[in-house]
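Listed here are the chains, written in short residue letters.
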Amino acid sequence: MSELFEKSIRTLELPRVLELLAQLAVSEEGKRRARTIRPETEAEEVERLQDQTEAARIMIGLRGSPSFSGVKPVAEALDRADRGGSLNTRELLTIAGLLTCARRAREYFNDDAAEKTAIDHLFLSLHGNRFLEDRIKSSILDEDTIADTASPELADIRRHMRAAQAKSRQILQRIVSSPSYSKILQESIITQRDGRFVVPVKAEHKGDMPGLIHDVSASGATVFVEPMGVVQANNEYIELQAKEKKEIDRILAELSAAAADHREDIRWDYDALVHLDLIFARGQLSYKLNCVRPEIRRDGSVTLRKARHPLLDQARAVPIDIEVGATFDTLVITGPNTGGKTVSLKTLGLLCLMAQCGLQIPAGDRSAVSVFRGILADVGDEQSIEQSLSTFSAHMVNIVAILQEADSRSLVLFDELGAGTDPVEGAALAIAVIQRVRQAGAKVAATTHYAELKTFAMTTAGVENASCEFDVETLCPTYRLLIGIPGKSNAFAISRRLGLPEDVIDDAQKQMSGESVRFEDVLTQLEAKRQALEKKQQEVDRLYLRREEDARKAREFREQMERAKENARSKGEAEARRILKDARQTADSVFAQLTEMQKQQARMARVENENEARAELRRQLNEAEAAVGVRSQEREPIPKPSRPIRTGDLVELPGVRQPAEVVAVNKDGSLQLKAGVLKMTVKADEVRLIEEPEKKGKKPAVSVKRGAGQPLRSAAASELDIRGLETIEAEAVVETFLSSAVMGRLETVTIIHGKGTGALRKAVHDILRRNKAVKSFRLGVYGEGESGVTVVTLK
């Protein structure tokens, strides 16, 4: 990089921007590198730097900036450790802090991100060392304290030290608390001298306290004596202190050796973290100045939209649009003093330098810069923040150097070109210098007050006029840069506004040549027309924006109506589908119920037919039994037993030839009977006692067989109505009914218990659950009595 380029960098105030960057860096090395950044001159390298800055800016927006507070220099310490030296606690804590920073930076980085960035490799290259980091931090609590847990030996030494110290203080406490020593002690306190515990003794009583004198007060009235009783304990404490120091030195040497073993990884982490610190500082500066990433071109053109000088107050700076190199290679900026010409020139050069340093620029979208090998500036007037020589000779020295270095990859900036000498000669010289630089292929931007240069720009291809707008009414510049329009100095208008006598102004105007007057009149007319056109354009823009806004609102309204219509149609279709689905489900349910009712009616009809058939069969059997004399149609009277019925007797129920055994005689005289699987309770006068001779001589009753070996079935009812009975009464009746049904070989019977409170139904179901002859039971269905009856299926 040439000396002239370096001087131009200072002239355009890039170091002040880099100082802003350094303030945002955390590490000292990062700050140093920020201040020494120089523009890159290759487009590929500039693109790489811009990629890094953009990646950092995005990460800051998503997750904030990583912490770099632990990034401190460690190279010197690591080199000494590598040579076998022992590091102190501060150096080891610095290494641990660096390892912590590297670990946290790795944790900050999202390795699973779908889109890779230009700084991923820096995060991934960090090594870290959690084991060494934890080992140092657990061993060294701060620069002055080694933890007891640093080693078992240190913990043991310090335990003995505390014991020796406690022993010394205990002896001394007894001395200062003893009444016998109160007269010889200056104060009842324990203090230290030369690391040993002592007590203050009055000088006149020093012989009364056996021990070692370690110190004497300034007045000589007090001597500090170590009593003989604590000398041994203090000696032990001093020895332990020496052991402690030796063990601490060993621990520090061991930690230093461990750090030296990983010195290359630690050095790499330091450099990578400093690099990341600087990159994230660039991202933070981008947020601070509200910057954008510029497009990087290679054709030498520069286009800046709404550009702002980075050293101005960003809230008050007036954005400018400036370009050069696309349709013209030279831009001549004219206008009054304090109108913003120099600031516009510096903004152009400084933003190009910032982009080549990898910084984003304070400008609007669609801004673009080219990468120049040299940005050469001759800027030096009273408006320069860094004052430089402003005489004609000083300008010429710079111009000569610029003419020697300018080439096709240069951007040349001239401020007040040709000033400081005769205006006619200065204007001619300015035109010649511009032409020479253009012949070298450089891009040029120059400021001037010379009317000759305005004419030159208007009549020469590739050269364009520009002006800084000035409000004559308020005597204030607007700082707007207008490309394509030459500017006026407005010297007469400003003088008149400031109170210069009119006759003086008239005399001055008479001194001007006719050509100059006509030129100024043309410029005045052009400016008036420009302002009128600009107002019309603003009105057109306003109407266009309003029309666009109305069109946008109309589109949004139409889209909302379309969405509402679509939603209504969708909702209607969904509602219709739901109604059809509900209707279909209802119809299916009704059809299923009808089918089930048909099946139930068919079953009921079949059961009814079977019961009628069974009844008819029982009737025929009864007639057959009557015909052969097996069973009498009339019930025989129950003979009175010859003795009271006892447990174990056999009895016979009227109408039932099956004998039953008496299993218990209740207190009220009723009998509990068991006949096969059936159990029942009856009164004593309702059964006939089978006497002993009858048991022995009785022969089995003759069964009339019907059909192919089928036993005779007794007549039994298939339906029982117990409505109105108590639960206890119903139990006996139901048991008897079930026994009769079993003996009658019935398969299905019906018990009518009514609906009521459900107590009778519950009692019947409990009986049915206990009865082993019951196969299953259920409540009646529609047509059977529903929940008022229970249909029982017997085994």
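Calculation notes
Residues numbered from 1 in each chain as written. Predicted model: local features only at pLDDT ≥ 70, side-chain atom pairs only at ≥ 80, totals over all residues. Heavy atoms only, no water. Helix = DSSP H or I, 4+ residues; strand = E, 2+ residues; numbered from the N terminus. Contact = heavy atoms within 4.5 Å. Salt bridge = Lys/Arg side-chain N within 4 Å of Asp/Glu carboxyl O. Buried < 20%, exposed > 50% of the residue type's maximum accessible area, 1.4 Å probe, protein only. pLDDT = per-residue confidence, 0-100. Pairing = 2+ DSSP bridges. Axes fitted to C-alpha atoms, helices over the stretch in contact; angles between N-to-C directions. Expected span 1.5 Å × (residues − 1).

Asks: Looking at this structure, I do not really get the environment of Cys 291. What am I missing?
Replies: For Cys 291, the location among the structural elements is in the loop between α11 (263–288) and β7 (295–297). Once the C-alpha coordinates of Cys 291 and Arg 308 are considered, the two residues, 17 residues apart in sequence, prove to be 9.6 Å apart. With near-sequence residues (within four places) excluded, Cys 291 lies in contact with Arg 57, Leu 285, Ser 286, Gln 360, Ile 361 and Pro 362.

Asks: Sorry if this is basic, but what is going on with the pattern of salt bridges here?
Replies: For side chains of opposite charge, pairing can occur when their charged atoms come near one another. Evaluation of the coordinates by the stated rule reveals 46 salt bridges. The residue Arg 769 makes a salt bridge to Asp 766 at a minimum N-O spacing of 3.1 Å. Residue Arg 769 and its partner Asp 766 are both found in helix α21 (residues 759–770); the two are separated by three residues, about one turn of the helix. For Asp 766, a relative accessible area of 26% puts it in the partly exposed group. Each of the salt bridges in this network shares a partner with another, and the network as a whole consists of Glu 29, Arg 32, Arg 33 and Asp 271.

Asks: Help me out: how do you make sense of the environment of Gly 785 in this one?
Replies: Along the polypeptide, Gly 785 turns up in the loop between β24 (774–779) and β25 (789–794). When the C-alpha atoms of Gly 785 and Lys 755 are compared, they prove to be 9.4 Å apart, with 30 residues separating the residues in sequence.

Asks: Help me understand the confidence of the model for the protein chain in this model?
Replies: Parts of the model with low pLDDT should not have their predicted coordinates read in detail. Overall, the predicted model of the protein chain reaches an average pLDDT of 83, with 85% of residues at or above 70. Counting contacts from residues 382–390, a segment whose pLDDT is below 50, to residues more than four positions away or on other chains yields 18 contacts. Every residue in residues 695–714 is under pLDDT 50, and counting partners more than four places away or in other chains gives 23 contacts.

Asks: Explain the sheet that holds strand β4 (residues 196–202) here, please?
Replies: Two strands in a sheet stick together by hydrogen bonds in their backbones, pointing the same way (parallel) or opposite ways (antiparallel). Taking strand neighbours across the sheet as the criterion, the four strands line up as β3-β4-β6-β5 in an open arrangement whose pairing is antiparallel. Edge strands, defined here as strands with exactly one partner in the open sheet, are β3 (191–193) and β5 (211–216). If you compare each strand with its neighbour and ignore which way they point, the axes differ by 50 degrees on average. For β5 and strand β6 (residues 222–227), the ladder comprises five bridges, and the chain directions are antiparallel. Following the sheet pairing, Ile 213 is matched in β6 by Val 225. Packed on one face of the sheet, helix α9 (residues 152–177) meets β4 and β6 and runs near 10 degrees to β4. Along the sheet, helix α10 (residues 228–261) makes contact with β4, β5 and β6, crossing β6 at roughly 75 degrees.

Asks: What should I look at first to understand helix α4 (residues 43–63) in this one?
Replies: Working note: α-helix, 3.6 residues per turn, so residues spaced by three or four point in the same direction. Helix length check: α4 (21 residues) gives 30 Å between terminal C-alpha atoms against 30 Å at 1.5 Å per residue, within 8%. Those residues of α4 lying buried are Ala 43, Val 46, Leu 49, Gln 50, Gln 52, Thr 53, Ala 55, Ala 56, Arg 57, Met 59 and Ile 60. The positive-phi residue at the C-terminal boundary of α4 is Gly 64, with phi of around 75 degrees.

Asks: I keep staring at the sheet that holds strand β22 (residues 719–721) and nothing clicks. Help me out?
Replies: On the basis of which strands lie adjacent, the open sheet formed by four strands has the order β22-β23-β25-β24 and mixed pairing. Each edge of the open sheet carries a strand with a single partner, namely β22 and β24. Sheet twist, expressed as the average angle between the axes of neighbouring strands with direction ignored, equals 20 degrees. Here β22 pairs with strand β23 (residues 748–752) via three bridges, running parallel. Its bridge partner lying in β23, Asp 721 is registered against Ile 752. Across the sheet, helix α20 (residues 727–743) is in contact with β22, β23, β24 and β25; its angle to β23 comes to roughly 160 degrees. Contacts from α21 reach β23, β24 and β25, with the element oriented near 160 degrees to β24.

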